[in-house]
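The lines below spell out each chain.
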Amino acid sequence: MSKEDNSSGFDCRVAFADELAALARADSRIVAVCNDSVGSSNLGAFRKEFPDRLINVGIAEQNMVGVAAGLANAGFRPFVCAASPFLTGRATEQIKADVVYSNFPVVLCGMSPGVAYGELGPTHHSIEDLAWMRAIDDLPVIVPADPDETRAAMRWAVAAGRPCFMRIGRTKVPAVSPQNVTFEPGRAMTLRQGADVTIVAAGTMVAKALEAAAILSEGGIEARVINAASVKPLDEAVILAAARETRGIVTVEEAIVYGGLGSAVAELTAQQHPAHLRIMGVTGFAPTGSSQELFEHFGLTGPQIARTAMTLL
């Protein structure tokens, strides 16, 4: 099993690599396909244990997805691993036509999404991937909040035998999932109850939403916190209940504010139960800087989320 310093949180890529190896030991159909990203996708141990089941196509993302589709057509279960901006930005056509339209069981793994690459700047920030992938019909879009949920989502993907896109985070996060967490598409998880306001978050922002709820509670405001790891399909029942039962909804995502989680919640509530809504995320091209600096730049911190929630009250 891989080792890491968890004093400041967990790198979900480590859990991903461990779970991928465990799944591969149990199922000879599982292979990994990458774009010269063995190191950044944390696949070194997988390559050592399964040298014949790692296909490295080089820096050729469209070819990478096409190869994965061919492997799936031959009976394999490919996990495609690549930095999320390049997987989604360069290979959208192949994802749409070769994988999803053909309904091949390819797990598209966007590694180091959002602003996780920090100092590498706007070319490496993956802030549009949720919007791009949400627009492809019948493609589940999954954003796990921590290592345990990452593992659970991977197990679901293998059992489901269908295409899906999931983000595999690089930025360290605390464990927020309950013990023995499972993943189901279209199911959100309420991590904290509250009747005043609702915070809906995904991925790295779930822990920050919980931090915001704790700050609000100190002032006598109880915030409901929902982990919407299934960005698509969205848990309509849970979101609509929040719209009915609380005074407003704040959505928080490590992504552009157009077309992602916030847009999904807005589309649902606008048509079925209008609610006061604030969409928090990246607003425009993200500059160069560390992940933490960029979170602060865009107000994606516990205190700022709490302040935004206050505007709904």
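Residues numbered from 1 in each chain as written. Predicted model: local features only at pLDDT ≥ 70, side-chain atom pairs only at ≥ 80, totals over all residues. Heavy atoms only, no water.

S.K.: I'm lost on the overall build of the protein in this one. Help?
M.R.: Helix and strand counts for the protein stand at 12 helices and 12 strands. Across its three principal axes, the protein shows a C-alpha extent of roughly 60 × 40 × 35 Å. Across the 313 residues in the protein, those meeting the buried criterion constitute 59%. Sequence separation of at least 24 residues holds for 76% of the intrachain contacts in the protein that already meet a minimum separation of 6. Of the accessible surface of the protein, which amounts to about 12,400 Å², a share of 50% is contributed by carbon and sulfur atoms. Taking the average location of the 26 positive side-chain charges in the protein and that of its 33 negative ones, the two points are 2 Å from each other. (Helix = DSSP H or I, 4+ residues; strand = E, 2+ residues; numbered from the N terminus. Buried < 20%, exposed > 50% of the residue type's maximum accessible area, 1.4 Å probe, protein only. Contact = heavy atoms within 4.5 Å. Areas by Shrake-Rupley, 256 points an atom, 1.4 Å probe, with all protein chains shown as cover. Lys, Arg positive; Asp, Glu negative; His and termini not counted. Charge placed at Lys NZ, Arg CZ, Asp CG, Glu CD.)

S.K.: Which parts of the structure should I look at to understand the packing of helix 3 (residues 61-73) against helix 5 (residues 92-100)?
M.R.: Each pair of packed helices can be described by the angle between their axes along with the distance between the axes. The interhelical angle for the contact between helix 3 and helix 5, taken along N-to-C directions, is 5°, at an axis separation of 9 Å. What the angle tells us is that helix 3 and helix 5 run roughly parallel. Facing helix 3, whose interface residues are Gln 62, Val 65, Gly 66 and Ala 69, helix 5 presents Gln 94, Ile 95, Asp 98 and Val 99. Looking at the contact of helix 3 with helix 5 residue by residue, the class counts come to four nonpolar, three polar and one charged. (Axes fitted to C-alpha atoms, helices over the stretch in contact; angles between N-to-C directions. Parallel < 35°, antiparallel > 145°, perpendicular 65-115°, else oblique. Nonpolar A, V, L, I, M, F, W, Y, C, P; charged D, E, K, R; others polar.)

S.K.: Which parts of the structure should I look at to understand the packing of aromatic side chains?
M.R.: Remark: the centre distance and the inter-plane angle together describe each pair of aromatic rings, the angle taken between the planes. The final tally for this structure, using the stated rule, is three aromatic pairs. Consider the rings of Phe 46 and Phe 50, whose centres lie 4.9 Å apart with planes at 45°: the pair is tilted. Each ring, one from Trp 156 and one from Phe 183, has its centre 5.6 Å from the other, and the planes form 70°; the classification is edge-to-face. Taken together, the residues Trp 156 in helix 7 (residues 147-160) and Phe 183 in the loop between strand 6 (164-168) and strand 7 (189-192) connect sequence positions 27 residues apart. When sorted by exposure, Trp 156 lands in the same class as Phe 183, which is buried. (Phe/Tyr/Trp six-rings, centres within 6.5 Å; stacked < 30°, edge-to-face > 60°.)

S.K.: Hey, could you run me through unusual backbone geometry in this one?
M.R.: Of all residues except glycine, most have a negative phi; of all peptide bonds, most are trans. In this chain, Lys 232 is followed by Pro 233 through a cis amide linkage whose omega measures -5°. Phi at Asn 180 is positive, roughly 60°, even though this residue is not glycine. With respect to the helices, strands and loops of the structure, Asn 180 is situated in the loop between strand 6 and strand 7.

S.K.: I keep staring at the pattern of salt bridges and nothing clicks. Help me out?
M.R.: Working definition: two side chains of opposite charge can pair if their charged atoms are close together. Counted under the stated rule, the structure contains 13 salt bridges. Taking the shortest distance from any N to any O, the salt bridge between Asp 129 and Arg 167 comes out at 2.7 Å. Residue Asp 129 is found in helix 6 (residues 129-134), and its partner Arg 167 is found in strand 6; the two are separated by 38 residues along the sequence. As far as the burial class goes, Asp 129 and Arg 167 line up, both buried. Glu 267 serves as the salt-bridge partner of Arg 134, at 2.8 Å between the closest nitrogen and oxygen. Taken together, the residues Arg 134 in helix 6 and Glu 267 in helix 10 (residues 261-272) connect sequence positions 133 residues apart. A relative accessible area of 39% places Glu 267 in the partly exposed class. Here the residues in one salt-bridge network are Asp 18, Glu 19, Arg 151 and Arg 155, joined through shared partners. (Salt bridge = Lys/Arg side-chain N within 4 Å of Asp/Glu carboxyl O.)

S.K.: Sorry, what's going on with the sheet that holds strand 7 here?
M.R.: Strand pairing in a sheet relies on backbone hydrogen bonds, with the paired strands running either antiparallel or parallel. Taken together, the five strands give an open sheet; going across it, the order is 7-9-8-11-12, and neighbouring strands pair in mixed fashion. The open sheet terminates on both sides in strands that have one partner only, identified here as strand 7 and strand 12 (277-282). For this sheet the average axis-to-axis angle between neighbouring strands, irrespective of direction, equals 25°. Pairing analysis gives four bridges linking strand 8 (residues 197-201) to strand 11 (residues 249-256), with the strands arranged parallel. By the bridge assignment for strand 11, Val 200 is matched with Thr 251. Sheet strands in contact with helix 8 (residues 205-218) are strand 7, strand 8, strand 9 (223-227) and strand 11, and its direction is about 160° off that of strand 8. The strands that helix 12 (residues 302-310) touches are strand 8, strand 11 and strand 12; relative to strand 12, the one it contacts most, it runs at about 155°. (Pairing = 2+ DSSP bridges.)

S.K.: Looking at this structure, I do not really get the nonpolar core. What am I missing?
M.R.: Counting residues in hydrophobic clusters, the biggest one holds 42 residues, and the most contacted among them are Val 80, Leu 87, Ile 95, Val 106, Phe 165 and Leu 261. Secondary-structure elements contributing two or more residues to this core are strand 1 (30-34), helix 3, strand 3 (77-83), helix 5, helix 6, helix 9 (236-245), strand 11 and helix 10. With six residues, the top contributor of residues to this core is helix 3. Beyond its immediate chain neighbours, meaning those up to four positions away, Val 80 contacts Val 33, Met 64, Ala 68, Leu 87, Val 106, Val 107, Leu 108 and Cys 109. Leu 20, Val 107, Met 154 and Met 189 belong to the second-largest nonpolar core, a separate cluster that totals 32 residues. (Core = buried A, V, L, I, M, F, W, Y, C linked by side-chain atoms within 4.5 Å.)

S.K.: Would you mind going over helix 1 (residues 12-26) with me for this structure?
M.R.: Quick reminder: α-helices carry 3.6 residues per turn. Residues three or four places apart thus point the same way. A rise of 1.5 Å per residue sets the reference length of helix 1, with its 15 residues, at 21 Å; its end C-alpha atoms lie 21 Å apart and thus fit the reference within 8%. Across the 15 residues of helix 1, 12 count as buried, placing the element largely inside the fold. Cys 12, Arg 13, Val 14, Ala 15, Phe 16, Ala 17, Asp 18, Glu 19, Leu 20, Ala 21, Leu 23 and Ala 24 are the residues of helix 1 that are buried. Contacts made by the buried residues of helix 1 are with strand 1, helix 2 (44-49), strand 3, strand 4 (107-111), helix 7 and strand 6. (Expected span 1.5 Å × (residues − 1).)

Purely spatial values, then, with no claim about function.
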